[in-house]
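Analysis of the macromolecular model
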Amino acid sequence: MIAINKKQTGLKAILNFFKKLIKSARNEAEPVATKVRVYSRSEHNVSRAQISENALKVLYKLQKEGFDAYLVGGCVRDLLLGREPKDFDVATNADPEQVRKVFRNCRLIGRRFRLAHVYFGREVIEVATFRGAGEEQNDKQVLNKEGRLLRDNVYGTLEEDVWRRDFTVNALYYNIKDFSVVDYVGGMADHKAATLRLIGDPETRFREDPVRMLRAVRFAVKLGFNLHPDCEKAMHKAAELLSSIPSARLYDEALKLFLSGYALQTFEMLRHYGLFQVLFPATENCLSVEEDGFPRLLLIKALENSDNRIADGKTVTAYFLFAAFLWEPVQMRAKEKMAHGLVEFMAYQEAANEVIAMQVKSTALPRHITMAMREVWSLQPKFNARIGSKPSRLITHPRFRAGYDFLLLRAETGGADPEVANWWGKYQNANDNEQRKMTQPPRKASGGKSTRRRNPRGNGKESSAGKEV
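I will try to describe carefully the structure that is included in this document. Quick caveat, the model's predicted, so the values are computed rather than measured.

Since the α-helix advances by 3.6 residues per turn, residues separated by three or four positions end up pointing in the same direction. Taking 1.5 Å of rise per residue, 16 residues should cover 22 Å, and helix 17 (residues 344-359) covers 22 Å from first to last C-alpha, within 8% of that figure. For helix 17, the secondary structure elements touched by its buried residues are helix 13 (276-279), helix 14 (281-287), helix 16 (318-339) and helix 18 (367-382).

Here is the structure:
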(Lines give C-alpha, C1' and ligand atoms only; values in the text may rest on other atoms or scores of the structure.)
Protein backbone atom coordinates (compact mmCIF):
# COMPACT_ATOMS: atom_id res chain seq x y z
CA MET A 1 0.00 0.00 0.00
CA ILE A 2 2.84 2.35 0.89
CA ALA A 3 4.52 1.51 -2.43
CA ILE A 4 1.34 2.37 -4.34
CA ASN A 5 1.01 5.71 -2.53
CA LYS A 6 4.64 6.55 -3.29
CA LYS A 7 4.05 5.65 -6.97
CA GLN A 8 0.96 7.90 -7.13
CA THR A 9 2.83 10.72 -5.42
CA GLY A 10 5.62 10.37 -7.95
CA LEU A 11 3.19 10.50 -10.87
CA LYS A 12 1.52 13.62 -9.47
CA ALA A 13 4.93 15.26 -9.10
CA ILE A 14 5.77 14.47 -12.74
CA LEU A 15 2.39 15.81 -13.92
CA ASN A 16 2.79 19.00 -11.91
CA PHE A 17 6.29 19.44 -13.36
CA PHE A 18 4.95 19.23 -16.93
CA LYS A 19 2.07 21.58 -16.12
CA LYS A 20 4.56 24.14 -14.88
CA LEU A 21 6.59 23.74 -18.07
CA ILE A 22 3.48 24.23 -20.24
CA LYS A 23 2.38 27.22 -18.19
CA SER A 24 5.87 28.68 -18.38
CA ALA A 25 5.95 28.21 -22.16
CA ARG A 26 2.56 29.87 -22.48
CA ASN A 27 3.67 32.79 -20.37
CA GLU A 28 6.73 33.17 -22.61
CA ALA A 29 4.50 33.16 -25.68
CA GLU A 30 2.20 35.74 -24.07
CA PRO A 31 4.38 37.84 -21.73
CA VAL A 32 1.57 39.80 -20.16
CA ALA A 33 3.62 41.71 -17.63
CA THR A 34 6.20 42.93 -20.14
CA LYS A 35 3.64 43.89 -22.82
CA VAL A 36 1.26 45.92 -20.68
CA ARG A 37 1.13 49.60 -21.59
CA VAL A 38 -0.86 52.14 -19.59
CA TYR A 39 -1.90 55.26 -21.50
CA SER A 40 -2.45 58.16 -19.12
CA ARG A 41 -5.36 60.60 -19.50
CA SER A 42 -3.21 62.98 -21.55
CA GLU A 43 -2.36 60.22 -24.07
CA HIS A 44 -5.89 59.38 -25.21
CA ASN A 45 -9.14 61.17 -26.03
CA VAL A 46 -11.61 59.22 -23.85
CA SER A 47 -13.54 61.57 -21.55
CA ARG A 48 -16.05 60.89 -18.80
CA ALA A 49 -18.33 63.43 -20.47
CA GLN A 50 -18.76 60.93 -23.33
CA ILE A 51 -19.63 58.04 -21.01
CA SER A 52 -23.18 57.15 -20.02
CA GLU A 53 -24.13 58.41 -16.56
CA ASN A 54 -25.46 54.98 -15.68
CA ALA A 55 -22.23 53.30 -16.75
CA LEU A 56 -20.33 55.71 -14.51
CA LYS A 57 -22.67 54.83 -11.62
CA VAL A 58 -21.86 51.15 -12.05
CA LEU A 59 -18.11 51.78 -12.25
CA TYR A 60 -18.03 54.02 -9.17
CA LYS A 61 -20.35 51.76 -7.15
CA LEU A 62 -18.18 48.69 -7.80
CA GLN A 63 -15.07 50.67 -6.93
CA LYS A 64 -16.70 51.91 -3.73
CA GLU A 65 -17.46 48.30 -2.75
CA GLY A 66 -13.77 47.42 -3.10
CA PHE A 67 -13.81 45.84 -6.57
CA ASP A 68 -11.86 46.72 -9.70
CA ALA A 69 -14.02 48.10 -12.52
CA TYR A 70 -13.16 48.96 -16.12
CA LEU A 71 -14.99 49.95 -19.26
CA VAL A 72 -14.00 47.45 -21.93
CA GLY A 73 -14.70 46.33 -25.48
CA GLY A 74 -16.54 48.16 -28.22
CA CYS A 75 -17.41 51.20 -26.10
CA VAL A 76 -13.72 52.03 -25.47
CA ARG A 77 -12.92 51.35 -29.13
CA ASP A 78 -15.72 53.65 -30.33
CA LEU A 79 -14.83 56.39 -27.85
CA LEU A 80 -11.26 56.38 -29.16
CA LEU A 81 -12.68 56.77 -32.68
CA GLY A 82 -14.78 59.73 -31.56
CA ARG A 83 -18.02 57.79 -32.04
CA GLU A 84 -20.96 57.47 -29.65
CA PRO A 85 -21.06 53.90 -28.32
CA LYS A 86 -24.29 51.95 -28.72
CA ASP A 87 -23.87 50.46 -25.24
CA PHE A 88 -21.36 50.28 -22.39
CA ASP A 89 -19.78 47.10 -21.01
CA VAL A 90 -18.03 46.80 -17.67
CA ALA A 91 -15.42 44.23 -16.63
CA THR A 92 -14.74 43.55 -12.95
CA ASN A 93 -13.13 41.10 -10.54
CA ALA A 94 -16.48 40.72 -8.72
CA ASP A 95 -18.24 37.47 -9.60
CA PRO A 96 -21.86 37.59 -10.86
CA GLU A 97 -23.36 36.84 -7.44
CA GLN A 98 -21.32 39.63 -5.85
CA VAL A 99 -22.47 42.05 -8.57
CA ARG A 100 -26.09 41.11 -7.88
CA LYS A 101 -25.60 41.89 -4.18
CA VAL A 102 -24.20 45.34 -5.05
CA PHE A 103 -27.07 46.27 -7.41
CA ARG A 104 -30.71 45.61 -6.59
CA ASN A 105 -31.64 46.43 -10.20
CA CYS A 106 -29.55 43.49 -11.47
CA ARG A 107 -30.38 40.23 -13.21
CA LEU A 108 -28.03 37.38 -14.05
CA ILE A 109 -28.23 35.88 -17.55
CA GLY A 110 -26.35 33.46 -19.77
CA ARG A 111 -25.31 29.85 -19.63
CA ARG A 112 -22.26 29.79 -21.89
CA PHE A 113 -20.82 32.63 -19.79
CA ARG A 114 -22.61 34.08 -16.77
CA LEU A 115 -23.24 37.84 -17.02
CA ALA A 116 -24.88 40.50 -14.86
CA HIS A 117 -27.26 43.03 -16.41
CA VAL A 118 -27.83 46.19 -14.40
CA TYR A 119 -31.04 47.96 -15.46
CA PHE A 120 -31.63 51.71 -15.55
CA GLY A 121 -34.97 52.03 -17.27
CA ARG A 122 -34.35 51.16 -20.93
CA GLU A 123 -30.58 51.29 -20.60
CA VAL A 124 -28.78 48.11 -19.61
CA ILE A 125 -25.18 48.08 -18.41
CA GLU A 126 -23.61 44.66 -18.93
CA VAL A 127 -21.14 43.62 -16.22
CA ALA A 128 -18.83 40.66 -16.89
CA THR A 129 -16.47 39.02 -14.44
CA PHE A 130 -12.84 38.72 -15.57
CA ARG A 131 -12.50 35.41 -17.41
CA GLY A 132 -9.79 32.96 -16.47
CA ALA A 133 -7.22 31.28 -18.69
CA GLY A 134 -9.16 28.02 -18.70
CA GLU A 135 -5.98 25.91 -18.92
CA GLU A 136 -7.79 22.83 -17.66
CA GLN A 137 -11.23 21.81 -18.88
CA ASN A 138 -13.62 21.23 -16.00
CA ASP A 139 -17.33 21.33 -15.27
CA LYS A 140 -17.28 25.11 -15.73
CA GLN A 141 -15.70 24.96 -19.18
CA VAL A 142 -17.09 22.60 -21.83
CA LEU A 143 -15.89 22.14 -25.42
CA ASN A 144 -17.45 20.02 -28.14
CA LYS A 145 -15.52 17.61 -30.36
CA GLU A 146 -14.70 20.38 -32.87
CA GLY A 147 -13.12 22.50 -30.12
CA ARG A 148 -15.99 24.99 -29.87
CA LEU A 149 -16.70 26.40 -26.40
CA LEU A 150 -20.17 25.42 -25.18
CA ARG A 151 -19.86 26.72 -21.62
CA ASP A 152 -17.13 28.93 -20.22
CA ASN A 153 -17.68 30.08 -16.63
CA VAL A 154 -14.00 30.15 -15.62
CA TYR A 155 -13.21 33.38 -13.73
CA GLY A 156 -9.79 34.95 -13.35
CA THR A 157 -7.80 38.18 -13.31
CA LEU A 158 -7.58 41.19 -15.60
CA GLU A 159 -4.38 39.82 -17.12
CA GLU A 160 -6.11 36.52 -17.93
CA ASP A 161 -9.27 38.22 -19.18
CA VAL A 162 -7.33 40.06 -21.88
CA TRP A 163 -6.35 36.84 -23.64
CA ARG A 164 -9.94 35.58 -23.70
CA ARG A 165 -11.18 38.51 -25.80
CA ASP A 166 -11.35 38.31 -29.56
CA PHE A 167 -9.68 41.32 -31.23
CA THR A 168 -6.92 43.56 -29.97
CA VAL A 169 -8.95 46.75 -30.52
CA ASN A 170 -11.69 45.24 -28.32
CA ALA A 171 -9.26 44.45 -25.49
CA LEU A 172 -8.61 48.00 -24.27
CA TYR A 173 -9.62 48.75 -20.66
CA TYR A 174 -10.60 52.19 -19.39
CA ASN A 175 -9.71 52.43 -15.69
CA ILE A 176 -12.12 54.63 -13.75
CA LYS A 177 -9.58 55.06 -10.92
CA ASP A 178 -7.11 57.20 -12.86
CA PHE A 179 -8.89 57.56 -16.28
CA SER A 180 -6.13 55.64 -18.03
CA VAL A 181 -6.42 53.09 -20.87
CA VAL A 182 -4.75 49.74 -20.16
CA ASP A 183 -3.42 47.82 -23.17
CA TYR A 184 -1.92 44.33 -22.93
CA VAL A 185 -2.07 43.28 -26.58
CA GLY A 186 -1.02 46.25 -28.70
CA GLY A 187 -4.62 47.28 -29.30
CA MET A 188 -3.82 51.00 -29.39
CA ALA A 189 -1.21 50.47 -32.12
CA ASP A 190 -3.68 48.37 -34.16
CA HIS A 191 -6.29 51.03 -33.56
CA LYS A 192 -4.05 53.71 -35.04
CA ALA A 193 -3.09 51.43 -37.94
CA ALA A 194 -6.80 50.62 -38.59
CA THR A 195 -6.04 46.89 -38.37
CA LEU A 196 -8.36 44.21 -37.02
CA ARG A 197 -6.18 41.49 -35.49
CA LEU A 198 -7.20 38.46 -33.47
CA ILE A 199 -5.64 37.80 -30.08
CA GLY A 200 -3.85 34.46 -30.18
CA ASP A 201 -3.79 31.89 -32.98
CA PRO A 202 -6.59 32.75 -35.49
CA GLU A 203 -7.36 29.13 -36.41
CA THR A 204 -7.76 28.16 -32.76
CA ARG A 205 -9.88 31.21 -31.95
CA PHE A 206 -12.21 30.60 -34.90
CA ARG A 207 -12.52 26.96 -33.94
CA GLU A 208 -13.46 27.96 -30.35
CA ASP A 209 -16.23 30.18 -31.70
CA PRO A 210 -16.80 30.35 -35.50
CA VAL A 211 -19.11 33.36 -35.04
CA ARG A 212 -15.91 35.36 -34.56
CA MET A 213 -15.58 35.26 -38.36
CA LEU A 214 -18.89 37.11 -38.70
CA ARG A 215 -17.79 39.59 -36.04
CA ALA A 216 -14.54 40.14 -37.93
CA VAL A 217 -16.46 41.05 -41.07
CA ARG A 218 -18.91 43.26 -39.21
CA PHE A 219 -16.21 45.20 -37.34
CA ALA A 220 -13.96 45.54 -40.39
CA VAL A 221 -16.81 47.05 -42.44
CA LYS A 222 -18.21 49.19 -39.63
CA LEU A 223 -14.86 50.62 -38.55
CA GLY A 224 -13.27 50.80 -41.99
CA PHE A 225 -10.42 48.60 -40.74
CA ASN A 226 -8.38 46.04 -42.66
CA LEU A 227 -8.26 42.43 -41.53
CA HIS A 228 -4.83 41.25 -40.45
CA PRO A 229 -3.36 38.80 -43.05
CA ASP A 230 -3.25 35.95 -40.50
CA CYS A 231 -6.93 36.49 -39.77
CA GLU A 232 -7.83 36.49 -43.48
CA LYS A 233 -5.90 33.29 -44.12
CA ALA A 234 -7.63 31.47 -41.27
CA MET A 235 -11.09 32.64 -42.34
CA HIS A 236 -10.77 31.10 -45.79
CA LYS A 237 -10.01 27.75 -44.15
CA ALA A 238 -12.55 27.90 -41.32
CA ALA A 239 -15.70 29.13 -43.12
CA GLU A 240 -17.37 25.70 -43.03
CA LEU A 241 -17.17 25.66 -39.20
CA LEU A 242 -19.93 28.25 -39.17
CA SER A 243 -22.46 25.55 -40.11
CA SER A 244 -22.06 24.01 -36.62
CA ILE A 245 -23.50 27.13 -34.94
CA PRO A 246 -27.18 26.96 -33.84
CA SER A 247 -29.44 28.58 -36.44
CA ALA A 248 -31.09 30.83 -33.82
CA ARG A 249 -27.74 32.42 -33.01
CA LEU A 250 -26.97 32.90 -36.69
CA TYR A 251 -30.28 34.72 -37.13
CA ASP A 252 -29.28 37.18 -34.39
CA GLU A 253 -25.92 37.68 -36.08
CA ALA A 254 -27.61 38.21 -39.46
CA LEU A 255 -29.64 41.07 -37.98
CA LYS A 256 -26.45 42.72 -36.74
CA LEU A 257 -24.73 42.19 -40.08
CA PHE A 258 -27.44 43.56 -42.36
CA LEU A 259 -29.32 46.13 -40.27
CA SER A 260 -26.37 48.25 -39.19
CA GLY A 261 -26.16 50.56 -42.21
CA TYR A 262 -23.34 48.71 -44.01
CA ALA A 263 -25.35 45.85 -45.53
CA LEU A 264 -23.98 46.01 -49.08
CA GLN A 265 -20.31 46.06 -48.05
CA THR A 266 -20.97 43.34 -45.51
CA PHE A 267 -22.67 41.16 -48.12
CA GLU A 268 -19.73 41.49 -50.52
CA MET A 269 -17.20 40.70 -47.79
CA LEU A 270 -19.15 37.69 -46.55
CA ARG A 271 -19.24 36.27 -50.08
CA HIS A 272 -15.51 36.89 -50.47
CA TYR A 273 -14.70 34.69 -47.46
CA GLY A 274 -17.31 32.01 -48.25
CA LEU A 275 -19.45 32.87 -45.21
CA PHE A 276 -22.59 34.06 -46.99
CA GLN A 277 -23.28 30.63 -48.45
CA VAL A 278 -23.53 29.23 -44.91
CA LEU A 279 -26.07 31.88 -43.90
CA PHE A 280 -28.14 31.84 -47.13
CA PRO A 281 -27.24 28.73 -49.17
CA ALA A 282 -30.22 28.89 -51.58
CA THR A 283 -29.53 32.57 -52.32
CA GLU A 284 -25.86 31.90 -53.00
CA ASN A 285 -26.80 29.17 -55.48
CA CYS A 286 -29.13 31.56 -57.33
CA LEU A 287 -26.56 34.37 -57.41
CA SER A 288 -24.10 32.09 -59.19
CA VAL A 289 -26.58 31.68 -62.09
CA GLU A 290 -27.11 34.70 -64.35
CA GLU A 291 -30.57 35.62 -65.67
CA ASP A 292 -30.63 36.14 -69.46
CA GLY A 293 -26.91 36.81 -69.39
CA PHE A 294 -27.14 39.44 -66.62
CA PRO A 295 -26.35 39.17 -62.89
CA ARG A 296 -29.32 39.21 -60.52
CA LEU A 297 -29.49 42.72 -59.12
CA LEU A 298 -32.58 42.80 -56.87
CA LEU A 299 -30.70 41.84 -53.69
CA ILE A 300 -27.92 44.34 -54.41
CA LYS A 301 -30.46 47.11 -54.86
CA ALA A 302 -32.35 46.09 -51.72
CA LEU A 303 -29.16 46.23 -49.64
CA GLU A 304 -28.26 49.60 -51.13
CA ASN A 305 -31.72 51.01 -50.38
CA SER A 306 -31.51 49.65 -46.82
CA ASP A 307 -28.21 51.41 -46.20
CA ASN A 308 -29.58 54.67 -47.63
CA ARG A 309 -32.66 54.51 -45.39
CA ILE A 310 -30.54 53.97 -42.28
CA ALA A 311 -28.25 56.82 -43.30
CA ASP A 312 -31.34 59.05 -43.60
CA GLY A 313 -32.54 58.06 -40.15
CA LYS A 314 -35.42 55.91 -41.47
CA THR A 315 -36.41 52.49 -40.25
CA VAL A 316 -35.69 49.22 -42.04
CA THR A 317 -37.85 46.15 -41.50
CA ALA A 318 -36.06 42.82 -41.22
CA TYR A 319 -38.80 40.88 -43.03
CA PHE A 320 -38.55 43.10 -46.13
CA LEU A 321 -34.80 42.60 -46.37
CA PHE A 322 -35.03 38.84 -45.82
CA ALA A 323 -37.81 38.72 -48.44
CA ALA A 324 -35.31 40.27 -50.86
CA PHE A 325 -32.64 37.74 -49.84
CA LEU A 326 -34.86 34.78 -50.67
CA TRP A 327 -36.89 36.17 -53.58
CA GLU A 328 -34.70 34.66 -56.30
CA PRO A 329 -34.93 31.11 -54.87
CA VAL A 330 -38.71 31.51 -54.51
CA GLN A 331 -39.09 32.86 -58.03
CA MET A 332 -36.99 30.11 -59.59
CA ARG A 333 -38.94 27.37 -57.80
CA ALA A 334 -42.28 28.99 -58.68
CA LYS A 335 -41.36 29.12 -62.37
CA GLU A 336 -40.46 25.44 -62.30
CA LYS A 337 -43.83 24.60 -60.76
CA MET A 338 -45.74 26.74 -63.28
CA ALA A 339 -43.90 24.97 -66.09
CA HIS A 340 -45.44 21.73 -64.75
CA GLY A 341 -48.94 23.19 -64.93
CA LEU A 342 -49.45 24.67 -61.46
CA VAL A 343 -51.33 27.99 -61.39
CA GLU A 344 -49.28 31.07 -60.54
CA PHE A 345 -50.69 31.74 -57.06
CA MET A 346 -50.29 28.16 -55.88
CA ALA A 347 -46.83 27.91 -57.45
CA TYR A 348 -45.57 30.90 -55.46
CA GLN A 349 -47.21 29.67 -52.27
CA GLU A 350 -45.59 26.23 -52.49
CA ALA A 351 -42.22 27.71 -53.52
CA ALA A 352 -42.30 30.05 -50.50
CA ASN A 353 -43.03 27.17 -48.12
CA GLU A 354 -40.17 25.07 -49.49
CA VAL A 355 -37.58 27.88 -49.51
CA ILE A 356 -38.41 29.01 -45.97
CA ALA A 357 -38.33 25.43 -44.68
CA MET A 358 -34.79 25.11 -46.05
CA GLN A 359 -33.66 28.54 -44.84
CA VAL A 360 -34.65 28.11 -41.19
CA LYS A 361 -32.15 25.26 -40.95
CA SER A 362 -29.38 27.84 -41.53
CA THR A 363 -30.81 30.95 -39.91
CA ALA A 364 -33.86 30.38 -37.71
CA LEU A 365 -36.18 33.11 -38.99
CA PRO A 366 -38.98 33.68 -36.43
CA ARG A 367 -42.54 32.90 -37.43
CA HIS A 368 -43.68 36.54 -37.52
CA ILE A 369 -40.85 37.30 -39.95
CA THR A 370 -41.62 34.39 -42.29
CA MET A 371 -45.35 35.21 -42.30
CA ALA A 372 -44.65 38.80 -43.33
CA MET A 373 -42.24 37.61 -46.02
CA ARG A 374 -44.88 35.25 -47.44
CA GLU A 375 -47.40 38.10 -47.59
CA VAL A 376 -45.01 40.35 -49.51
CA TRP A 377 -44.26 37.55 -51.99
CA SER A 378 -47.91 36.53 -52.41
CA LEU A 379 -48.87 40.10 -53.31
CA GLN A 380 -46.52 40.27 -56.30
CA PRO A 381 -48.68 38.30 -58.81
CA LYS A 382 -51.78 40.20 -57.62
CA PHE A 383 -50.37 43.51 -58.84
CA ASN A 384 -51.02 42.35 -62.40
CA ALA A 385 -54.80 42.50 -61.83
CA ARG A 386 -55.86 46.10 -62.50
CA ILE A 387 -59.47 45.75 -63.69
CA GLY A 388 -62.60 45.52 -61.60
CA SER A 389 -62.76 45.41 -57.81
CA LYS A 390 -59.44 43.62 -57.16
CA PRO A 391 -57.25 46.78 -56.99
CA SER A 392 -59.54 48.40 -54.40
CA ARG A 393 -59.34 45.27 -52.24
CA LEU A 394 -55.59 44.89 -52.68
CA ILE A 395 -54.84 48.46 -51.61
CA THR A 396 -56.45 47.78 -48.20
CA HIS A 397 -54.13 44.83 -47.51
CA PRO A 398 -52.00 45.41 -44.36
CA ARG A 399 -48.80 44.64 -46.30
CA PHE A 400 -49.76 46.65 -49.38
CA ARG A 401 -47.09 49.31 -48.87
CA ALA A 402 -44.32 46.75 -48.34
CA GLY A 403 -45.59 44.75 -51.32
CA TYR A 404 -45.67 47.87 -53.49
CA ASP A 405 -42.13 48.84 -52.45
CA PHE A 406 -41.04 45.31 -53.37
CA LEU A 407 -42.76 45.72 -56.76
CA LEU A 408 -40.83 48.97 -57.32
CA LEU A 409 -37.61 47.14 -56.46
CA ARG A 410 -38.41 44.41 -58.98
CA ALA A 411 -39.33 46.95 -61.67
CA GLU A 412 -36.12 48.89 -61.05
CA THR A 413 -33.99 45.76 -61.51
CA GLY A 414 -35.81 44.30 -64.51
CA GLY A 415 -37.95 41.77 -62.65
CA ALA A 416 -41.33 43.44 -63.21
CA ASP A 417 -43.01 45.68 -65.82
CA PRO A 418 -42.29 49.37 -64.99
CA GLU A 419 -45.67 50.30 -66.46
CA VAL A 420 -47.42 48.14 -63.82
CA ALA A 421 -45.43 49.80 -61.03
CA ASN A 422 -46.24 53.28 -62.42
CA TRP A 423 -49.94 52.41 -62.64
CA TRP A 424 -50.06 51.39 -58.97
CA GLY A 425 -48.19 54.54 -58.00
CA LYS A 426 -50.89 56.66 -59.68
CA TYR A 427 -53.76 54.51 -58.44
CA GLN A 428 -52.97 54.76 -54.74
CA ASN A 429 -52.69 58.57 -54.97
CA ALA A 430 -55.88 59.03 -57.03
CA ASN A 431 -59.31 59.96 -55.62
CA ASP A 432 -62.29 57.58 -55.70
CA ASN A 433 -63.62 58.77 -59.08
CA GLU A 434 -60.22 58.52 -60.73
CA GLN A 435 -59.66 55.04 -59.24
CA ARG A 436 -63.00 53.86 -60.67
CA LYS A 437 -62.07 55.15 -64.11
CA MET A 438 -58.63 53.48 -63.92
CA THR A 439 -60.15 50.08 -63.11
CA GLN A 440 -62.94 50.10 -65.71
CA PRO A 441 -62.57 47.55 -68.53
CA PRO A 442 -61.75 49.07 -71.92
CA ARG A 443 -64.85 49.68 -74.07
CA LYS A 444 -65.25 47.65 -77.24
CA ALA A 445 -66.36 49.50 -80.39
CA SER A 446 -69.86 48.34 -81.58
CA GLY A 447 -70.22 47.74 -85.39
CA GLY A 448 -74.02 47.13 -85.63
CA LYS A 449 -77.37 47.99 -84.15
CA SER A 450 -78.41 46.80 -80.77
CA THR A 451 -80.43 43.60 -80.86
CA ARG A 452 -81.96 44.10 -77.44
CA ARG A 453 -85.80 44.16 -77.55
CA ARG A 454 -87.38 47.33 -76.19
CA ASN A 455 -90.40 47.35 -73.95
CA PRO A 456 -93.44 48.05 -76.24
CA ARG A 457 -95.52 49.70 -73.53
CA GLY A 458 -98.15 52.08 -75.05
CA ASN A 459 -97.33 51.05 -78.62
CA GLY A 460 -98.70 47.48 -78.78
CA LYS A 461 -102.11 45.89 -78.50
CA GLU A 462 -104.30 46.65 -75.53
CA SER A 463 -104.26 44.22 -72.76
CA SER A 464 -107.35 42.38 -71.77
CA ALA A 465 -107.65 44.68 -68.80
CA GLY A 466 -107.82 47.69 -71.14
CA LYS A 467 -110.62 46.45 -73.43
CA GLU A 468 -114.07 47.95 -73.31
CA VAL A 469 -116.80 45.74 -71.90
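Still more ground to cover, so stick around.
Okay, the packing of helix 18 against helix 20 (residues 400-412) next. Relative to each other, helix 18 and helix 20 sit at 65°, their axes nearing to 9 Å. Between helix 18 and helix 20 the crossing geometry is right-handed. On the side of helix 18, the interface is formed by Val-376, Trp-377, Leu-379 and Gln-380, while helix 20 contributes Phe-400, Ala-402, Gly-403, Phe-406, Leu-407 and Arg-410. Grouping the amino acids of the contact of helix 18 with helix 20 by side-chain chemistry returns seven nonpolar, two polar and one charged.

This part is about the environment of Leu-321. Mapped onto the elements, Leu-321 comes out in helix 16. Between the C-alpha atom of Leu-321 and that of Ala-302, which follows or precedes it by 19 residues, the distance is 6.8 Å.

On strand 2 (residues 69-72), burial covers both faces: Ala-69 and Leu-71 on one face and Tyr-70 and Val-72 on the other are all buried. In terms of strand pairing, strand 2 meets strand 3 (residues 89-92) through three bridges, oriented antiparallel. Bridging from a neighbouring strand, Tyr-70 pairs with Ala-91 of strand 3. The sheet contact formed by strand 2 and strand 9 (residues 172-175) spans three bridges and is antiparallel. Pairing of Val-72 across the sheet is with Tyr-173, part of strand 9.

On to the sheet that holds strand 10 (residues 180-183). On the basis of which strands lie adjacent, the open sheet formed by eight strands has the order 1-10-9-2-3-6-5-4 and mixed pairing. Looking at which strands have only one partner, the edges of the open sheet turn out to be strand 1 (37-39) and strand 4 (106-109). Within this sheet the neighbouring strands show an average axis-to-axis angle of 30°, counted without direction. Bridge count for strand 5 (residues 115-120) against strand 6 (residues 123-129) is five bridges, and the pairing is antiparallel. When the bridges of strand 6 are listed, Tyr-119 appears paired with Val-124. Against the sheet, helix 3 (residues 53-64) engages strand 2, strand 3, strand 5 and strand 6, with an angle of about 35° to strand 6.

A surface patch of nonpolar side chains, about 260 Å² in accessible area, is lined by Val-343, Phe-345 and Met-346. Turning to its location among the elements, Phe-345 is positioned in helix 17.

Criteria and thresholds
Residues numbered from 1 in each chain as written. Predicted model: local features only at pLDDT ≥ 70, side-chain atom pairs only at ≥ 80, totals over all residues. Heavy atoms only, no water. Helix = DSSP H or I, 4+ residues; strand = E, 2+ residues; numbered from the N terminus. Expected span 1.5 Å × (residues − 1). Contact = heavy atoms within 4.5 Å. Axes fitted to C-alpha atoms, helices over the stretch in contact; angles between N-to-C directions. Left-handed = near helix turned anticlockwise from the far one by under 90°. Nonpolar A, V, L, I, M, F, W, Y, C, P; charged D, E, K, R; others polar. Buried < 20%, exposed > 50% of the residue type's maximum accessible area, 1.4 Å probe, protein only. Pairing = 2+ DSSP bridges. Patch = residues over 30% accessible without salt bridge, like charges linked within 9 Å, V, L, I, M, F, W, Y side chains within 5 Å. Areas by Shrake-Rupley, 256 points an atom, 1.4 Å probe, with all protein chains shown as cover. Salt bridge = Lys/Arg side-chain N within 4 Å of Asp/Glu carboxyl O.

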